[in-house]
Structures are given as C-alpha cells and as structure tokens.
Amino acid sequence: MLDPRLLRESPDTVRAAIAKKHLDLDLDAVLAIDTAWRTQLAEVEQLRSKQKAANNEMVALRKGSPEFLAKVQEMKAVSAEVKAREEGLKGLEEKWQQAMLTLPNIPHATVPAGRTPEDNQICATQGDVAAVSALAVPHWEIPGFERLFDFARGAKVTGAGFPFYVGDGARLVRALVQFFLHEGVAAGYTEVNPPILVNAASATAVGQLPDKEGMMYETTPDHLYAVPTAETPLTNFFRDEIVDEASLPVCRCAYTPCFRREAGSYGKDVRGLNRLHQFDKVELLKWVHPSQSYAELEKLRLDAERLLQKLELPYHVLLMCGGDMGFAQAKKDDLEVWAAGPKRWLEVSSCSNFEAFQARRAQIRFRNTATGKPELVHTLNGSGLAVPRVLAALLENNLQADGRVKIPAALVPYFGKEYLSFQ
RNA sequence: GGAGAGGUGGCAGAGUGGUCUAUCGUACCUGACUCGAAAUCAGGCGUGCCCGCAAGGGUACCGUGGGUUCGAAUCCCACCCUCUCCGCCA
C-alpha cells in the first residue's frame, strides 16, 4: 500500500507511476473517495465529541432527576445520528481501503521505461552460452528422464504438475536445497524453517489475498493456505511489530516447498520441470533501514548470482522495465539461467525492493532512535534459488555423450558423486 | 476431541456500567544530588487516524467481530489465541 499522504500531497507522482507501470486506473476517482471519507470522518468525530461532553455533564447530575432525563432524551437523537453516519463511514472506509490497494508502488528512478519483457534491460551475462549448446536436448527428452522425474505417477497420485522425484532425481533436489541453504547461511542469512500453511491475515498482508490470480491452494475446513513461496510466512514473521533499529538489517533464508495453482497458465511453458504446482525453493529475505535498501538489493542479487556462478551455469541479469516489473515492487532484478535444450532463458530468481509498500500493509516498523518515532522498514526478497529450473538447466547444460550428467564441483559434496545417472 | 482458567500499554498488574483522559509498580528518557556511579528525589514516557504551516486540537484502540445502552475495558452473543488437566497421536 502507498502512503496516503503521498497521494494527497503529490498526486502527480502517483499518476506518473501508474503510467510507467502501464496500468489503467482512474486516480481522480481514488482522490474523490479519499476526500469523501475524510469529510465523513470529521463529521462523525465531531458528533462523538458532543457525546463525550454530554456524558461528562451527566455524571454531575443526580441520576433520575428531570435534568438528567432531559439529557438522556437529547442524547438519544445524537446517538441515533452517530449510528447512522457510522454506517456510511464504514462503507466509505471499505471503499477507501480497496481504492488504496489498487495504487501501485512507485518505480525507482533507475527503472527503465517500457511495457513488455523485450523492454527489460540486460545488465550482465555470465558464462558461455554457445559452449553448452552442442549436444543438448530439452530435459524431458533425455533418455530415462521419466525414471527420475515421474510425472505420470505424480498425475495419478495427485494431479498434473506434481511429479515424483526418484533416485538420483530426488538426490539432486536434496543436494540443491542443502547447497542453497548452506550458501545462504554463509552469506549471513539466518536459516528459518517456517510454517507452510498460513492464515488469511498473513496472505492478505503480502497481497496474495484477495486471490485475484487463483494462485493459492486453500484447505478445508480451517481455511489455511498452502504457501506459494516462503516469502509469505517469512515476511509475516514481524507483522504488527516494532523491531529494534540496531537489529537492522535482518537477513533470513528459508527452504519451503511452494504450492501454486497457476490457474489460467495452462499451455504456457508447461513441459518438464518449467512450471509445477509444487516445487522447492530457498528464499532470501531482508528487513532493512530505508536508507540502505538499494545497497542491500545489490547485495541480495549478488548473493543469488553467486549460486549460479558456483554451479557454473550461464545466466544473465535483467533490470525489469516499468511495465513488466509487477505491482508492489519499486525495483526488480531477474536472474535467468540458460536452458541449453530449448535454447531459452529461464527465470530462477526475482530480486525485489518493495521499499515500504509491503511493510505498510503488514505494519512492520522500527523505532528511529533519533526521533523516537516508529517508521516503516523496507523489505526485500529474492529466490536463492528455485530448484526445478536450476535442475533442468543442470541436466541440459551438463549432459554428457554417455547420457550421464556431470555434477558441478561445488555441488559434488552435497550430491555425493560426480555424475547423475538416468539408469 | 472433552473439562476448566485466562487474554488490559515494553514487562508486571488493578479496574465488574458514568471524571477511565486506564491506578500502582517496573523498565526506559531527562534533570537534581555526586569527582563519577549506585541509591534517592522531581518530571517525562503507548499506537493509529483526522484537522492544522505550526503550536496544538479532535477521535479511536483493553484478544477479534457483532449486540444492548444516553454512555461499555466493564453486561450479552459468536469467534480466535494462550495455559492446566484428561483423551488421542509421530
């Protein structure tokens, strides 16, 4: 959520943000709702003030005296009016809330203009894409693939997009998760193992509810939600709290399975391990002092990049343009790994600075020791990394002539051997 | 799952219909005393929202949401959470 004061004092800033993100929304309507709400609020508060004053007078009167009874009669009318107007105020407040939630975060000045993925800026490319492409095929076409990644049985047991990982497949998933967590801890993130079901309040605080995209699985009868990312429980860790300024930045990493319904995305890149309903991911998350958030974003992205470097996978970094960066982010860098089989780039990490946008909605603050007042923290997060797409890239880029897959040196201690076998 | 107890500010803990603008304590901040500190004394000390250039004013918040009433921390209803005991369970 945006700062309502920004909307009132500098509506043109908000207008420019809406344009840069290529959103279609009527800011004047939002401004009108804001004015109406504030007017109504002032009226109700004035009436309540009247009630309070009368109450103090009545305390001094003898109960049951004519003056007292007259006052009761008088206040009955005021009470009825307060009740009626409060109803209207409540309606306006809900409209105000909803209107405010439609306003996107303001993109940072360094975010390039643009509408589509083609307008994203390629900042850096690491590794030799041509070198790995020679004998590569899409990973789902590698002989023996379905022995290690059993989609058919997953579909029988659960549904499409819920594969079984078997033998070296399962072993590689475990190795990657372990590797990512160890590297995260080494980079200064505290490891957390969070709940993977969250309540509606948590899902709402990070903007996943109301469920516009059909993203989450909901459980019955308790109405808990399977997390689409560890960001959900992790960000909520400090919800409605005031953290110590001296403790910032707080850096944490967490492994969770992630559950996504992906309603409406059928037919788009669904082959193999590219898009699953359940997958494993290690998430990196930071709560930082507002003055440090862009420096911390750089560090966060470098922490994620280092993982790809150690895995010797070619990748590039994209600075997302205004139209492609998402609603809540102020700045977003994507890491895409080279998939040698289909010869395309796969997103394996999105490193984002939300500034105070998430923190305002989740009410995560720190006490500014200089002013003594609470202020919103800035929140950042990024994958470090998503397992299946990294796994797919490893299979395709490292496939040997004998049908085995060479495990990168950094991963061998976790995997326990130098080659993965489809036998 | 069953029975009982409870949820009040950073912590602790009073308040059972009307000066509650929430007592007292503690922690914390400032000042006095002191060479300095401790102890002691004096003062200050929650969060959100609205109005205001500001000083300041107003209003809300006692687990959450409803209700009763001229008036609710206090009474009624529903829900959530915590603790104790019993049952079940890896």
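Conventions we followed
- Residues numbered from 1 in each chain as written.
- Chains lettered and ligands numbered in written order.
- Predicted model: local features only at pLDDT ≥ 70, side-chain atom pairs only at ≥ 80, totals over all residues.
- Heavy atoms only, no water.
- Domains from an automatic or database assignment.
- Contact = heavy atoms within 4.5 Å.
- Buried area = accessible area lost by both parts, 1.4 Å probe.
- Salt bridge = Lys/Arg side-chain N within 4 Å of Asp/Glu carboxyl O.
- Polar contact = N/O pair within 3.5 Å; in protein donor to acceptor, adjacent residues only side chain to side chain.
- Nonpolar A, V, L, I, M, F, W, Y, C, P; charged D, E, K, R; others polar.
- Core = buried A, V, L, I, M, F, W, Y, C linked by side-chain atoms within 4.5 Å.
- Buried < 20%, exposed > 50% of the residue type's maximum accessible area, 1.4 Å probe, protein only.
- Helix = DSSP H or I, 4+ residues; strand = E, 2+ residues; numbered from the N terminus.
- Expected span 1.5 Å × (residues − 1).

**Some details on the domain arrangement of chain A**
- According to the domain assignment, chain A consists of domain 1 (4-101) and domain 2 (117-420).
- Here the C-alpha centroids of domain 1 and domain 2 sit 43 Å apart.
- With five residues of domain 1 at the interface, the matching set in domain 2 holds eight residues.
- Both faces combined, the contact of domain 1 with domain 2 buries some 520 Å², and carbon together with sulfur accounts for 60% of it.
- Inspection of the region where domain 1 meets domain 2 yields zero salt bridges.
- Linking domain 1 with domain 2 are four residue pairs in polar contact (both at pLDDT 80 or more).
- Residue composition of the side of domain 1 that touches domain 2, grouped by class: two nonpolar, one polar and two charged.

**Section: the nonpolar core**
- Of all hydrophobic cores here, the largest spans 55 residues; its most connected members are L172, L176, F180 and L395.
- Ranked by residues supplied to this core, first place goes to helix α7 (residues 168-186) with eight residues.
- Not counting residues within four places of it along the chain, the set of residues in contact with L395 comprises H139, I142, F145, F149, L172, V405, L420 and F422.

**A word on helix α10 (residues 293-310)**
- A rise of 1.5 Å per residue sets the reference length of α10, with its 18 residues, at 26 Å; its end C-alpha atoms lie 26 Å apart and thus fit the reference within 8%.
- Three or more residues of α10 are buried, namely S293, E296, L297, L300, R301, D303, A304, E305, L307 and L308.
- Buried-residue contacts for α10 involve α7, β9 (278-288), β10 (315-319), β11 (331-339), β12 (344-353) and β15 (378-386).
- Count one or two residues on from α10 and you reach E312, which has phi positive near 60°.

**Observations regarding the side chain of T229**
- In this structure, T229 sits in the loop between β6 (225-226) and α9 (231-235).
- Its relative accessible area of 5% is what places T229 among the buried residues.
- A distance of 3.0 Å separates the side chain of T229 from the backbone nitrogen of E231, its partner in a polar contact.
- At 2.9 Å, the side chain of T229 and the side chain of K281 are in polar contact.
- Once you skip the residues sitting within four places of it in the chain, T229 turns out to touch Q208, T256, C258, R260, K281 and E283.

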